[in-house]
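# Coordinate analysis (summary)
Chain by chain, the residues run as shown.
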Amino acid sequence: MSLDILAYGAFFLTMALTYAIMCLGLNIQWGQTGLFNVGIAAFVAIGAYVSAILTTPETPDRFGGFDLPIVVGWLGASIAAGLAAWLVGALTIRLRSDYLAIATFGVAVSVQLCVLNIQPLTGGAFGVGFIPRPFGSLAGNPLTFSLANLALTACVVLGLYLALEHLTKSPWGRVLRAIREDEVAAQALGKRPIRFRLQAFTIGGAIMGLAGAVQGHFIGFIAPDNYLPILTFQVWAMLIVGGSGNNRGAILGAVLVWGLWALTAAAVSAFVPPEQQARASSLQIVAIGVGLCLILLLRPRGILGEGRSSIAGRFKPKSKAQQKFKE
Amino acid sequence: MNPQFLMDGLIAGAMIGLGAIGVTLTYSILRFANFAHGELLSWGAYLAMAVSGALGMLSTTLVKPIAPFSFGWSLPIAAVIAILLTGLLALAVDALLFGRLRRRGSAVIILVMASFGASLALRSLLEFIFTSKPAYYTKALQIAVKLGGGLRATPDQLLSLGLTLVAVIAIHLLMTRTSIGRSMRAVSENPALAGIAGVDVRKVIRVVWFLGAALACIAGIMTGLLVQIRPYLGHDLLLPLFAAAILGGIGSVPGAMLAGLIVGLSEAAAVQLVGAEWRAAVSFVILVIVLLVRPRGLFGRAA
């Protein structure tokens with residue numbers, strides 16, 4: 001019994017850590033650079049599908065199935081999602097800040113459509129199964145299998161965390177924050193905001209793609225339903241709760257929000273009669289939506305906040321355009 | 001190609017156009033892309049259904065269909081009440097959420113994010129109250145009448161087109177001929193200067209929310225009447241609304257309407273040429289083309 005709980009705990013943590021990877025990707029886009037991405041689900045989906053197509057064994061009714069090693073799949077996923085992010089960014093980053101939000105929303109809708117409709121490539125509504133799982137040979141023993149996967153995912157998160165911390169402290173990261181805080185000043189110092197923003201957006205997109213691949217391989221099966229707008233929303237809630245701008249906050253937020261989500265979902269399925277479960281889970285989403293608004297209103301910095309590297313006044317009026325709107 | 005797609009596109013475009021006018025007004029005057037606007041359409045549709053159902057219970061004569069249309073007097077009466085209620089809903093959301101953020105001087109993108117949160121909460125609340133099962137205002141069937149040129153339309157569809165035309169003309173006159181319209185244009189031009197010149201900026205903001213919500217409610221009721229009522233009704237229209245608002249040029253009412261028709265017609269043409277499953281991608285393609293070729297839209301001014 002206790003072994004079961006341990007195995008479940010490992011499973012839960014591994015899932016939470018895959019969300020943490022998405023959160024880290026979002027943190028570099030939003031937390032460090034202030035780019036609003038409403039299409040997280042799209043980039044995650046691109047990563048998951050590219051990796052699945054690269055690594056699954058050959059199947060007669062579907063294109064792909066190259067049977068490549070998992071690492072190649074992960075790499076391909078990051079490159080494909082990064083490329084998609086670069087395209088979207090190149091199109092919109094030079095325009096108004098919320099055009100990027102609208103465009104990424106459009107990407108999410110379109111990717112969802114592609115995944116559903118290009119059946120020869122993605123398996124349509126049925127998704128892709130038989131995705132090779134890391135340590136698949138250990139699957140006979142659930143505990144070692146879960147622990148091995150947990151260790152692997154934790155290593156990915158740790159590696160990304162260290163790399164991103166390094167990047168944040170590097171001159172490149174300082175330029176990003178400078179642009180976020182005061183674009184004109186950064187420009188006056190000879191930095192080109194558009195280029196830096198585009199780089200940050202691309203890196204963030206690539207990390208989200210990697211997250212999709214890691215998650216897809218861990219579960220072993222992907223379907224369009226995994227990449228609905230609610231995923232985007234969960235990741236946002238995680239980052240905002242944990243504290244945007246802070247990589248540790250991103251990881252903490254992912255574990256907390258995913259825990260809360262899994263716990264309430266378990267409570268719903270345990271205590272609510274089956275015919276009312278759909279309603280109860282919609283109430284769960286209401287709670288997340290209201291929660292996000294409340295955090296924006298009451299504690300915009302999240303649990304951990306940005307920490308010492310922050311330049312004060314993130315949420316205070318910055319430009320004249322906003323100041324004049326203060327009634 | 002069957003010319004009927006023109007009729008379908010025109011009707012879809014009219015609903016998109018009405019919604020897009022609301023998006024473009026809030027965008028130009030409140031200065032942020034409101035992701036919760038689609039939810040105002042859904043709430044309008046459901047509120048009208050709830051009121052119309054309640055009226056039907058009071059008196060059965062109200063439910064009896066009026067001559068050529070499929071609905072009884074309960075729906076038009078409910079529509080008026082629903083318009084007021086949707087307007088109040090928008091004002092309440094503004095007072096609770098956006099107004100507070102605005103007063104704090106939050107960045108535009110925080111407002112966008114808050115609207116994103118509000119949209120999810122509002123939509124799921126509808127799903128909680130009315131469940132996700134599709135609903136209808138009436139079960140009556142309608143025969144389409146021939147209009148010549150191979151076009152057919154049901155009386156409901158023709159009525160919707162007529163009402164859209166009236167609504168658009170009314171909004172256009174309001175914006176160009178009345179003093180509140182002038183104040184709105186002044187605030188969209190420069191809020192600080194408008195405030196100094198004696199324009200009541202808060203009142204303008206309230207009027208904008210109410211107008212946008214009222215139009216959204218009308219568009220939602222039409223969609224509900226001509227298609228069906230679902231909690232995702234507005235969410236699925238959000239991308240077409242944004243595409244139309246940007247194509248028309250942010251702030252331009254005639255632009256939004258015209259662009260709405262373009263989006264609707266392109267969607268209908270795509271259904272004929274490519275297949276119905278790709279319909280939702282049309283708005284994205286239009287959006288990308290506009291952002292590439294002319295980011296300010298048809299009638300917008302350069303930023």
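What counts and what doesn't
- Residues numbered from 1 in each chain as written.
- Chains lettered and ligands numbered in written order.
- Predicted model: local features only at pLDDT ≥ 70, side-chain atom pairs only at ≥ 80, totals over all residues.
- Heavy atoms only, no water.
- Helix = DSSP H or I, 4+ residues; strand = E, 2+ residues; numbered from the N terminus.
- Contact = heavy atoms within 4.5 Å.
- Salt bridge = Lys/Arg side-chain N within 4 Å of Asp/Glu carboxyl O.
- pLDDT = per-residue confidence, 0-100.
- Buried area = accessible area lost by both parts, 1.4 Å probe.
- Polar contact = N/O pair within 3.5 Å; in protein donor to acceptor, adjacent residues only side chain to side chain.
- Nonpolar A, V, L, I, M, F, W, Y, C, P; charged D, E, K, R; others polar.

## Section: the environment of Cys217(B)
Residue and element names in this part refer to chain B. Mapped onto the elements, Cys217 comes out in helix H8 (residues 201–226). In this structure the C-alpha to C-alpha distance between Cys217 and Leu85, which are 132 residues apart in sequence, comes to 9.2 Å. Those residues in contact with Cys217, other than ones at most four positions away along the chain, are Leu40, Gly44, Ala82, Ile83 and Thr86.

## Overview of the pattern of salt bridges
Residue and element names in this part refer to chain A. For the coordinates displayed, the defined rule picks out seven salt bridges over all chains. Between Glu183 and Arg197 there is a salt bridge, with the nearest N and O atoms lying 2.9 Å from each other. With a gap of 14 residues between them, Glu183 in helix H8 (residues 183–188) and Arg197 in helix H9 (residues 193–219) connect regions that are remote in the sequence.

## Regarding the confidence of the model for chain B
Chain-level statistics for chain B give a pLDDT mean of 91 and a share of 99% at 70 or above. ipTM for the predicted complex: 0.88, alongside a pTM of 0.88.

## Observations regarding the interface of chain B and chain A
On the side of chain A, 50 residues touch chain B, which itself brings 56 residues to the contact. Roughly 4,900 Å² is buried in total at the junction of chain B and chain A, and carbon and sulfur atoms are behind 76% of that figure. Among the residues of chain B in contact with chain A, Ile109(B), Met113(B) and Phe116(B) are the three that bury the most area, contributing 14% of the side total. The interface formed by chain B and chain A contains zero salt bridges. Linking chain B to chain A there are eight residue pairs in polar contact (both at pLDDT 80 or more). Contributing elements (two or more residues each) for the side of chain B that touches chain A: helix H1 (4–30), helix H3 (74–103), helix H4 (108–130), helix H7 (191–196), H8, helix H9 (233–248) and helix H11 (281–293) of chain B. Element by element, the count of residues in the side of chain B that touches chain A is highest for H4(B), at 17 residues. A breakdown of the residues in the side of chain B that touches chain A according to their chemical character gives 41 nonpolar, seven polar and eight charged.

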